[in-house]
Each structure stands twice: as C-alpha cells, then as structure tokens.
Amino acid sequence: MSEKVLLVDDEKEFLEIMSERMEERGMEVTTAESADQALSIIEKESFDAIIMDFQMPGMDGMEALKAIKNKKPELQIILLTGYATVEKTVEAMKIGATDFLEKPADFEALAEKIKKAKADKMLIVEKQTEEKIKDILKRLGG
Amino acid sequence: MAKDENILAQEGMRFFGRMSASATHEIKNALATISENVGLMEDLSMMAEKGHPLSPERINDISQRVNRQVQRADRVLRKLNRFSHSLDLSTESADLEKTVCFVLDLASRLIDMQEVTVELTPPVSPLMVVNNLFYLENMIWRAIETACGAAEGEKQVMISFGTDSAAPSIWFSMETVKDNVMNDLFGSKEDRAIMAYLDISIEKNIENNGFGLLWPRHKRYKEKDNVGKSIACG
C-alpha cells in the first residue's frame with residue numbers, strides 16, 4: 001500500500017516538484033501552502049506522514065506542530081527547514097516531531113523516513129485500538 | 001560615549017545577522033527546489049533507460065524551473081552584496097525613498113512572514129540625507145518592524161514622506177493599531193543610540209496611528225556621486 005503524505009510549504013514550486021517526485025515513487029500526496037490550510041485538511045483526511053516546512057508566513061512551524069499534535073497525536077511529522085539550530089530541533093522533538101531534515105534534503109533519506117513514519121504510525125494506531133478494546137471489555141466485564 | 005558605541009556595534013551585528021539569515025534562508029529554499037528538479041531529471045533518466053519515453057516538454061519545464069530559481073537566488077545574493085557594501089563609508093548621501101525601498105526588498109521575506117501588507121507613497125521630490133547608510137537602513141528596518149508589529153486587523157502599513165526637503169521625514173502609519181503600542185515607541189537603548197548617532201527624532205502622527213522619523217532642519221542635505229546604488233520599489 002502506498003504512503004499517504006501531506007506536504008506543507010509556502011514555496012509553491014517546491015511543493016510542485018516534491019509532490020511530482022513523490023508521486024513518481026507511488027506515494028499519494030496532498031499539498032498545503034500554509035499551516036492553517038494543513039490544519040483544516042487533517043480534520044477531514046488521515047495521513048501516514050506530514051512533511052512540513054518549519055518557517056512559513058502566519059503560524060510558524062512550532063505553533064503548527066503543537067496544533068497538529070493537539071488535534072491528531074498519532075500523526076507523524078517530519079520537519080524541513082533551511083537552517084536547523086540544535087535548540088529548535090530539540091524543542092520540536094520534545095513537542096512531538098518525528099524527525100528533522102535540512103533543505104536541500106536527500107530525497108532517498110526523506111523517502112526512508114516517510115516509510116518509517118508510516119510503520120510507527122501503524123504501531124501507535126494498533127496500540128490505541130488495543131487500548132480501546134481493553135477499555136470496552138473492562139466496562140462490559142465489570 | 002563608549003557605552004553608546006558598544007550598543008551601536010552590538011545592534012549593528014544583530015541587524016546584519018538577521019538580514020543575512022533571512023537572505024541565506026531564501027537562497028536555501030531556491031537551492032532546495034533546484035536540487036529536487038535535478039533529482040527529477042535523474043529519475044526521468046533512469047526511467048528512460050528502462051524504456052519509458054522521455055518527453056521534451058517535461059525536460060523544458062524542469063529547465064525553466066531551475067532557471068527561475070537560479071535567477072531568484074542571484075537576486076537575493078545581489079541584495080546581500082549591496083547590503084554588505086552599505087558598511088563601506090562612514091557617511092554618505094542617501095535618497096530616503098530608495099533606501100526605504102531597498103530595506104523593504106531586503107527584508108521582504110521577514111515582512112511576508114508577518115503577513116503584513118506595506119504600501120509606499122513616494123515623496124513629491126527626492127529627499128536626501130547625509131548619514132551612515134548601514135545604520136540608516138538599520139533604523140528604517142526597526143521602524144518597519146515596529147509598524148508591522150503594531151498593525152492589527154488587516155495588517156496594513158502605509159509609508160509616506162514629508163514634503164519639506166530641507167527637513168526630511170519618513171512617516172509610518174497603520175490601518176488599525178494594537179492597544180497601547182503608541183505609548184511606548186522606540187524607547188530601547190538600541191533605538192536611542194541609533195537615533196542619536198543618525199541625529200534623528202521620533203514623532204507620533206496627529207491621528208495617533210503612526211509615527212515619523214524626522215531629520216533636523218539645520219543640516220544641509222546634498223546629493224553626492226555615491227547616491228544611486230538604491231533600486232526602485234517593485
């Protein structure tokens with residue numbers, strides 16, 4: 001099954017070329033030009049991974065990361081940035097970013113991270129389902 | 001005096017760093033798009049080796065995209081180079097409108113990040129000042145940043161110029177202003193040090209929705225040969 005990816009960047013040409021390359025590799029790609037747009041998309045659709053630029057007009061990467069994690073904690077977010085400081089990377093990881101890549105990113109490395117993100121998300125969803133079943137059984141049993 | 005010089009030096013470094021970081025970030029974005037286009041060419045080449053037909057239109061598209069990004073990166077580098085040269089002379093004659101336009105262009109990415117629209121009304125006739133160009137750019141950026149931060153609602157900032165060429169001024173006004181912002185304008189030690197160095201003062205406008213940078217009347221402002229490095233807005 002192909003990976004379902006949401007690509008968020010305010011650079012229109014970067015979005016076009018990245019989605020073209022990802023689609024060539026069989027990924028299913030949706031694009032958003034702002035964090036606000038991304039937030040409204042994730043309300044309606046589910047994704048294996050979100051690839052998001054860290055610096056965008058309006059809501060910045062850190063705010064967007066918090067908002068997405070707040071809405072969908074299971075979502076795997078890989079951050080892309082022009083320059084990554086150690087401080088920002090650590091802060092983003094603490095909030096819940098899955099990974100961090102500096103632009104220009106190695107496409108093969110990114111594709112690998114997307115695959116890993118999908119596997120991690122499946123594990124989280126499985127665990128959540130298991131918890132729910134346990135909870136239902138507990139309530140029925142007692 | 002030495003204390004003021006320290007503050008000026010520190011603020012100058014901070015300003016240079018901020019502008020350079022923004023410009024290099026933009027260059028990185030251009031490089032990232034170029035890099036992905038090169039990657040796509042490699043993908044297409046591999047597919048062609050396996051017998052998939054290679055469309056000349058697609059190659060042409062990629063080449064145009066790469067060319068656009070190269071031009072974009074070149075524009076940013078030119079801005080950065082010109083900005084670096086503002087440190088060349090201790091004082092020089094500068095056209096205020098052209099300097100404001102240059103700072104708006106240099107900091108366009110930072111302004112875009114704040115989602116603010118800036119409108120500039122040119123002066124009736126050129127307004128010249130004799131200042132240190134680097135700190136003049138620094139002060140203009142501080143004024144733009146203050147105006148952008150004070151703008152609320154539609155986030156519109158209007159820049160205009162005084163009509164008296166013997167006492168030049170730049171005016172910044174906001175369509176809607178955040179509460180209490182106008183009570184505490186340019187009070188930091190950095191603002192005071194730069195304003196003293198450039199011999200300018202700050203005044204609120206009559207509508208209390210903006211402020212002006214004012215140069216004193218007693219100074220003679222004349223055009224010199226080194227004016228004209230600036231570019232026109234837009």
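Residues numbered from 1 in each chain as written. Chains lettered and ligands numbered in written order. Predicted model: local features only at pLDDT ≥ 70, side-chain atom pairs only at ≥ 80, totals over all residues. Heavy atoms only, no water.

**Details of the interface of chain B and chain A**
Contact with chain B, which involves 24 residues of that partner, is made by 22 residues of chain A. When the buried area of chain B at its contact with chain A is split by residue, Lys28(B), Glu36(B) and Met113(B) rank highest and sum to 31% of it. The tally of links from chain B across to chain A stands at nine salt bridges. Here Glu13(A) ties to Arg68(B) by a salt bridge, and the two come within 2.5 Å at their closest N and O atoms. Those elements that place two or more of their residues in the side of chain B that touches chain A are α1 (2-49), α2 (56-84) and α4 (108-113) of chain B. Of the residues forming the side of chain B that touches chain A, the biggest block, 15 residues, is contributed by α1(B). Tallied by class, the residues present in the side of chain B that touches chain A amount to six nonpolar, eight polar and 10 charged. (Contact = heavy atoms within 4.5 Å. Buried area = accessible area lost by both parts, 1.4 Å probe. Salt bridge = Lys/Arg side-chain N within 4 Å of Asp/Glu carboxyl O. Helix = DSSP H or I, 4+ residues; strand = E, 2+ residues; numbered from the N terminus. Nonpolar A, V, L, I, M, F, W, Y, C, P; charged D, E, K, R; others polar.)

**Description of the packing of aromatic side chains**
All names here are of chain B. All told, the structure shown has 10 aromatic pairs over all chains when counted by the stated rule. Each ring, one from Phe-15 and one from Phe-134, has its centre 5.4 Å from the other, and the planes form 55 degrees; the classification is tilted. Separated by 119 residues along the polypeptide, Phe-15 in helix α1 and Phe-134 in helix α5 (residues 133-150) bring together distant segments of the chain. Of the two residues examined, Phe-15 and Phe-134, each falls in the buried class. Summarising the aromatic geometry, the rings of Phe-16 and Phe-134 are spaced 6.3 Å apart at their centres and angled 45 degrees between planes, so their arrangement reads as tilted. With a gap of 118 residues between them, Phe-16 in helix α1 and Phe-134 in helix α5 connect regions that are remote in the sequence. In this structure Phe-16 comes out as partly exposed when scored by relative accessible area, which is 26%. A relative accessible area of 3% places Phe-134 in the buried class. Clustering of aromatic rings is evident, with ring pairs tying together Phe-15, Phe-16, Phe-83, Phe-134, Tyr-135 and Tyr-197. Positioned above the aromatic ring of Phe-102, the side-chain terminus of Arg-82 is 3.8 Å from the ring centre. (Phe/Tyr/Trp six-rings, centres within 6.5 Å; stacked < 30°, edge-to-face > 60°. Buried < 20%, exposed > 50% of the residue type's maximum accessible area, 1.4 Å probe, protein only. Lys NZ or Arg CZ within 6 Å of the ring centre and 35° of its normal.)

**Notes on the layout of surface pockets**
Taken as a whole, the largest pocket holds about 520 Å³ of empty space. Lining of the largest pocket is provided by 20 residues; of these, Gln55(A), His25(B), Arg109(B), Leu110(B) and Met113(B) occupy positions nearest its centre. Listed by contribution, the elements that provide at least two residues to the lining of the largest pocket are α3 (61-71) of chain A together with α1 and α4 of chain B. A total of four residues in the lining of the largest pocket trace back to one element, the largest contributor, which is α1(B). Its residues assigned to classes, the lining of the largest pocket shows nine nonpolar, seven polar and four charged. No fewer than three residues from each of domain 1 (2-86) and domain 2 (91-214) of chain B sit in the lining of the largest pocket. (1 Å grid on protein atoms, 1.4 Å probe; cavity = no way out; pocket = protein on both sides within 12 Å on 5 of 7 lines; lining within 4 Å. Points joined across faces, edges and corners; volume = space filled by probe spheres on them. Domains from an automatic or database assignment.)

Function cannot be read off these values alone, since they describe shape.
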